[in-house]
Amino acid sequence: MRIAVLGAGYVGSALARAAAQRGDTVFAVRRSAAPPSSSIHWLAGDLSSGGIVGIPAELDAIVLSVAPSGAGDAYETTYPPAARFAVALAQSTGATSVVYTSSTGVYGGRDGEVVTEASPRNGAGPGNAALMQAEDFVLAAHIAHATVLRVAGIYGPGRDPRARMSNPQQLPQRGAYWSNLAHRDDIVAAVLHVIDTQPLTGVFNVADGAPTLACDVARWLAASRGVDPSTLEFGNDAQRSRNDQRVSNAALCATGWSPRYPSFREGFAVGL
């Protein structure tokens, strides 16, 4: 297949490598130029302004995996314009599949509720309105297979959350909120699965499917270091987590995808 990865950052660059490894022709766009590669066509450009030099005239699939470059209105100036560019590129190149990696953050705080793809979105929270605008633009486009993957907390090689989650004094709500994670490699596998499974369209959550209270993650990490978990003292009562919910991955699993790291335990043990 001829695949364009728009936003070749942490997840996108891993996706580009995985797609090239299996024999796809990959065009990966990032803000700055990457070292020459014999297997990936690296392109530099700003998706918000368009005009990426080197994009081929014909493509089969487009993956939009961008991240904001700064604070303030960075979400608004990144996600909606990038979504418009991705849709326009699909229409001009004949790509029949567009996959956009959004965030489970669009559900907002749910006080421990289980959230599925049918759960209402909540515009509150940093960047959620821009994320939802981009989702709506992709799903409303006249593309044969438009898919939104709402991704839980991303971790993996080079992005290790263990130090943060080991500190009981810094966890919001004394750690009494639900943590949902997705390993980078499972996200990559989900994107490729969606591209390969036609017609697979709509919205899917990408998470390991094992929501865990943050305080229990901290206790597990303590035990793995030989520290008695009962000695941990949790603080930070005042701060609340923005995403206190339990993310279901059942819909995506029903299509044949399954996580290689089905909980933080497997991921923290070998996936970092």
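For the structure itself, look to the data block above.
Reading the values: the criteria
Residues numbered from 1 in each chain as written. Predicted model: local features only at pLDDT ≥ 70, side-chain atom pairs only at ≥ 80, totals over all residues. Heavy atoms only, no water. Helix = DSSP H or I, 4+ residues; strand = E, 2+ residues; numbered from the N terminus. Rg over C-alpha atoms; globule rule 2.2 N^0.38 Å. Buried < 20%, exposed > 50% of the residue type's maximum accessible area, 1.4 Å probe, protein only. Contact = heavy atoms within 4.5 Å. Areas by Shrake-Rupley, 256 points an atom, 1.4 Å probe, with all protein chains shown as cover. Lys, Arg positive; Asp, Glu negative; His and termini not counted. Charge placed at Lys NZ, Arg CZ, Asp CG, Glu CD. Salt bridge = Lys/Arg side-chain N within 4 Å of Asp/Glu carboxyl O. Pairing = 2+ DSSP bridges. Axes fitted to C-alpha atoms, helices over the stretch in contact; angles between N-to-C directions. Parallel < 35°, antiparallel > 145°, perpendicular 65-115°, else oblique. Nonpolar A, V, L, I, M, F, W, Y, C, P; charged D, E, K, R; others polar. Expected span 1.5 Å × (residues − 1). 1 Å grid on protein atoms, 1.4 Å probe; cavity = no way out; pocket = protein on both sides within 12 Å on 5 of 7 lines; lining within 4 Å. Points joined across faces, edges and corners; volume = space filled by probe spheres on them. Polar contact = N/O pair within 3.5 Å; in protein donor to acceptor, adjacent residues only side chain to side chain. Left-handed = near helix turned anticlockwise from the far one by under 90°.

1. Observations regarding the overall build of the protein chain
Next, step 1: Counting secondary structure elements, the protein chain contains 8 helices and 13 strands.
Next, step 2: Against the globule reference of 19 Å for 272 residues, the protein chain gives a C-alpha radius of gyration of 19 Å, in line with a compact fold.
Next, step 3: For the C-alpha atoms alone, the extent of the protein chain along its principal axes is close to 60 × 35 × 35 Å.
Next, step 4: By the burial criterion, 51% of the 272 residues in the protein chain qualify as buried.
Next, step 5: Across the protein chain, every contact between residues at least 6 apart in sequence was considered, and the portion connecting residues at least 24 apart equals 76%.
Next, step 6: By element, 50% of the accessible surface of the protein chain is carried by carbon and sulfur atoms, the whole surface being about 11,700 Å².
Next, step 7: Here the protein chain holds 21 positive side-chain charges and 22 negative ones, and the gap between their average locations is 3 Å.

2. Quick word on the pattern of salt bridges
Next, step 1: Under the criterion given, the structure shown has 10 salt bridges.
Next, step 2: Close ionic contact of Arg22 with Asp196 constitutes a salt bridge, the shortest N to O distance being 2.6 Å. A residue pair is termed long-range when its members are at least 10 positions apart, and Arg22 in the loop between helix H1 (10–21) and strand E2 (25–30) and Asp196 in helix H5 (residues 184–196) qualify at 174 residues.
Next, step 3: With relative accessibility at 44%, the residue Asp196 sits in the partly exposed group.

3. Some words on the pairing of strand E11 (residues 202–206)
Next, step 1: Here E11 lies mainly inside the structure; 4 of its 5 residues are buried.
Next, step 2: Of the pairings in the sheet, the one linking strand E7 (residues 145–151) to E11 comprises 5 bridges and is parallel in character. Bridge pairing links Arg150 to Asn205 in E11.

4. Focus on the packing of helix H2 (residues 74–93) against helix H3 (residues 128–140)
Next, step 1: In contact at an axis separation of 8 Å, H2 and H3 are set at 10 degrees when each is read in the N-to-C sense. Classified by the angle their axes make, H2 and H3 are roughly parallel. Contacts between H2 and H3 involve Tyr75, Glu76, Tyr79, Pro80, Ala83, Arg84 and Val87 from the first element and Ala130, Leu131, Gln133, Ala134, Phe137 and Val138 from the second.
Next, step 2: When the residues that make up the contact of H2 with H3 are grouped by side-chain class, the tally is 10 nonpolar, 1 polar and 2 charged.

5. Considering the side chain of His183
Next, step 1: Counting through the fold element by element, His183 comes out in strand E10 (residues 181–183).
Next, step 2: Note on His183: relative accessible area 1%, which makes it buried.
Next, step 3: Here His183 is in contact with Tyr155, Gly156, Pro157, Tyr261, Gly267 and Gly271, once residues within four sequence places are set aside.

6. Considering H2
Next, step 1: In this model H2 runs 28 Å from its N-terminal to its C-terminal C-alpha over 20 residues, within 8% of the 28 Å that 1.5 Å per residue would give.
Next, step 2: Looking one or two residues past H2, Gly94 carries a phi angle of roughly 80 degrees, positive in sign.

7. Topic: empty space enclosed by the protein
Gaps left between atoms are located by rolling a probe of water-molecule size over the structure's atoms.
Next, step 1: Under the criterion given, the structure shown has 1 cavity of 30 Å³ or more.
Next, step 2: Considered as a void within the structure, the largest cavity measures approximately 40 Å³ in volume.
Next, step 3: What lines the largest cavity is simply Ser179, Asn180, Leu181, Asp208, Ala210, Pro211, Thr212, Val217 and Phe264.
Next, step 4: Along the lines of polarity and charge, the residues of the lining of the largest cavity split into 5 nonpolar, 3 polar and 1 charged.

8. Describing the environment of Gln245
Next, step 1: With respect to the element layout, Gln245 can be found in strand E13 (residues 245–247).
Next, step 2: Taking the C-alpha atoms as reference points, Gln245 and Thr25, 220 residues apart in sequence, are found 38 Å from one another.
Next, step 3: In contact with Gln245, other than residues within four places in its own chain, are Thr104, Tyr107, Gly108, Arg110, Gly112, Glu113, Val115, Trp178 and Asn180.
Next, step 4: Polar contacts involving the side chain of Gln245 include one to the main-chain carbonyl oxygen of Thr104, which spans 3.2 Å.

9. Quick look at the packing of H1 against H5
Next, step 1: Running from N to C, H1 and H5 cross one another at 60 degrees; their axes reach a closest spacing of 9 Å. With respect to their mutual orientation, H1 and H5 come out oblique. Regarding H1 and H5, the two cross each other, and that crossing is right-handed. Mapping the contact onto sequence places Tyr10, Val11, Ala14, Leu15, Arg17, Ala18 and Ala19 in H1 and Arg184, Ile187, Val188, Val191 and Leu192 in H5.
Next, step 2: Class assignment of the residues belonging to the contact of H1 with H5 gives a composition of 10 nonpolar, no polar and 2 charged.

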